[in-house]
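Notes for the structure review
Next come the chains, spelled out residue by residue.
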Amino acid sequence: MTAPGAGRLRAAALSDVGRARERNEDSLFVGAAVFAVADGLGGHRAGEVASALSLEPIAALAAAPPDDSFRDLTAAVQRANREVYERARGNADLSGMGTTLTALAVRGGVARIAHVGDSRCYLIRAGEIRRLTEDHTVVARRVREGSLSPEEAATHPHRSLLLRALGSEPSVLVDQADLDLLPGDRLLLCSDGLTGPVSDEEILRLAGADPDLDAACRGLVALANARGGPDNVTVVLIEHGSDDPPSPAPAARRPRSRPGRPRATRTLTWCLVILSTAIGAWVVVRAVAGRNYFVGVDGGRVAIFRGLPDSPLRGLARVEERTPIRVNDVAAYYRPRLAEGLRARTLLEARRIVENIRGALGPAPAASGSPGPALPTGPPGGGP
Ligand code: MN
């Protein structure tokens, strides 16, 4: 059935805020044959915005025919750069934001990697681990030049200082590499929150052999956190399997708190998986609470929706909050973006986007007719 060399892909992913950070600024994407990790940089929430935004062209790519997504991977990273750059320029709160992006597309037996920054892609093959990406950091360059030892680099206080990232220039140099895959190969995409505290040998031990990819991901994140979890940690583990169909739910392996689900549930799960896959880029996983808000248009006015703005799922989104802002008054920059839906991970972030839109209104409308609860007028209590 399957073409030789075109083994099936299995993937698992996990992202965690770690032990030292308040928010998770990493984002990840898992599609059928396209995968990515992004590690956002920037004050306030800008890093989260940058990493999430950079994955939108990747998600769009994953919805394209496989040949196209493979061919256009690097172009999609360029597009992601442009998006982040323009959003940062168009919004004072987001200026200076950026993100790493390490993306992977698989077609037939070939993996293509497109990479900017210090997230990494590893190949695990035949019990050995090999890094496929170069860190675009100042310390990595100094190691290459010989002015710093790898040991010094590993603990250098400025080891995260990037030479290259998405969002700082209108175009960016993207590293691209192709790799012929062998059955059983595993590829790991990860942010520096893993590779800071966890060594390559430990990654190999945890992610190299465990048949349960989810458990492997949990193991990697747990070790980073056991070492203090200094940064957000994100892992996407992909296995290029043999051509054998996967055995359905291996029995009695590693009994957990969820012993074998009833068959009906499993069938339902499979139906959902098939349905979701049919929908296309079916997972945009965000680490923390899930990116389940967006700012869009309802009845000609800006509104906050709960749900996802992507076309197959948009019908399920519902209005969470209305605003009095008329779309026709909104700055031209925002109009097409509102039509698409501006994503937010939290209601608070969505409200902030609304504030940005409000701040960018064309000619200020007369301050009248603003609905909402009337504020009490006059000083409370009053004088004698
Ligand atoms: Mn990081």
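Protein coordination at the manganese ion comes from Asp 39 (OD), Asp 192 (OD) and Asp 231 (OD), with a distance range of 2.1 to 2.2 Å. When the donor residues of the manganese ion are listed from N- to C-terminus, their spacing reads D-x152-D-x38-D. Taken together, the residues span a long stretch of sequence, with Asp 39 in strand β3 (residues 34-41) and Asp 231 in the loop between α9 (213-226) and β11 (233-240) at a distance of 192 residues. Take Asp 39 and Asp 231: they sit in the same class, and that class is buried.

Attention shifts here to the nonpolar core. Residues Phe 29, Ala 36, Leu 55, Ile 58, Val 77, Leu 101 and Leu 166 are the most contacted members of the largest nonpolar core, which totals 22 residues. Only β3, α2 (56-62), α4 (73-89), β5 (101-107) and β6 (110-116) provide two or more residues apiece to this core. Residues within four places of Leu 55 in sequence aside, it is in contact with Ser 27, Leu 28, Phe 29, Ala 36, Ala 38 and Leu 101. Core analysis: the second largest hydrophobic core is formed by 20 residues, Cys 190, Ala 207, Val 235 and Leu 237 among them.

For residues with low pLDDT, the predicted coordinates do not support detailed interpretation. Of all residues in the chain, 79% have pLDDT values of 70 or greater, and the mean over the chain is 82. Here residues 245-290 scores under 50 on pLDDT; set against residues more than four positions off or in separate chains, the count is 40 contacts. In the model, residues 363-384 has pLDDT below 50 throughout and makes one contact with residues more than four positions away in sequence or in other chains.

Before going further, it helps to examine empty space enclosed by the protein. Scanning the entire structure with this criterion turns up one cavity of 30 Å³ or more. Volume-wise, the largest cavity comes out at about 280 Å³. Lining of the largest cavity is provided by 22 residues; of these, Val 49, Arg 87, Leu 94, Glu 349 and Ile 353 occupy positions nearest its centre. Put simply, the parts of the chain that give the lining of the largest cavity at least two residues each are α1 (46-54), β15 (342-344) and α13 (347-359). Of the residues that constitute the lining of the largest cavity, the class distribution is 10 nonpolar, three polar and nine charged. Each of domain 1 (2-240) and domain 2 (263-384) gives at least three residues to the lining of the largest cavity.

Scoring rules and cut-offs
Within each chain, residues carry numbers counting from 1 in the order of the written sequence. Local features are withheld for residues below a pLDDT of 70 in this predicted model, meaning they are given only at 70 or higher, and side-chain atom pairs are given and counted only at 80 or more; totals for whole chains, interfaces and linings count all residues. Note that the side-chain values use all heavy atoms of the structure and ignore hydrogens as well as water. Listed donor atoms are N, O and S within 2.8 Å of the metal (Na, K and Ca: 3.2 Å). As water is not included, a site may look incomplete. Where helices and strands are cited, they refer to DSSP runs of H or I of at least four residues and of E of at least two residues respectively, numbered from the N terminus. Each residue is assigned to one of three classes by its accessible area relative to the maximum for its type, calculated with a 1.4 Å probe on protein chains only: buried under 20%, partly exposed between the two thresholds, exposed over 50%. Residues belong to one nonpolar core when they are buried, are Ala, Val, Leu, Ile, Met, Phe, Trp, Tyr or Cys, and are joined through side-chain atoms within 4.5 Å. Residues are treated as being in contact if the distance between any of their heavy atoms lies within 4.5 Å. Note on scores: pLDDT gives the predictor's confidence for each residue, bounded by 0 and 100. Buriedness of a pocket was judged along seven lines, with at least five required to meet protein on both sides within 12 Å; pockets are open sets of points on a 1 Å grid over the protein atoms alone, cavities are sets where a 1.4 Å probe fits but cannot get out, and lining residues have an atom within 4 Å of a point. Grid points are joined across faces, edges and corners, and a volume is the space filled by probe spheres set on the points. Note on residue categories: nonpolar means Ala, Val, Leu, Ile, Met, Phe, Trp, Tyr, Cys or Pro, charged means Asp, Glu, Lys or Arg, and polar means any other residue, Gly included. Domain borders in the structure are assigned automatically or taken from a domain database.

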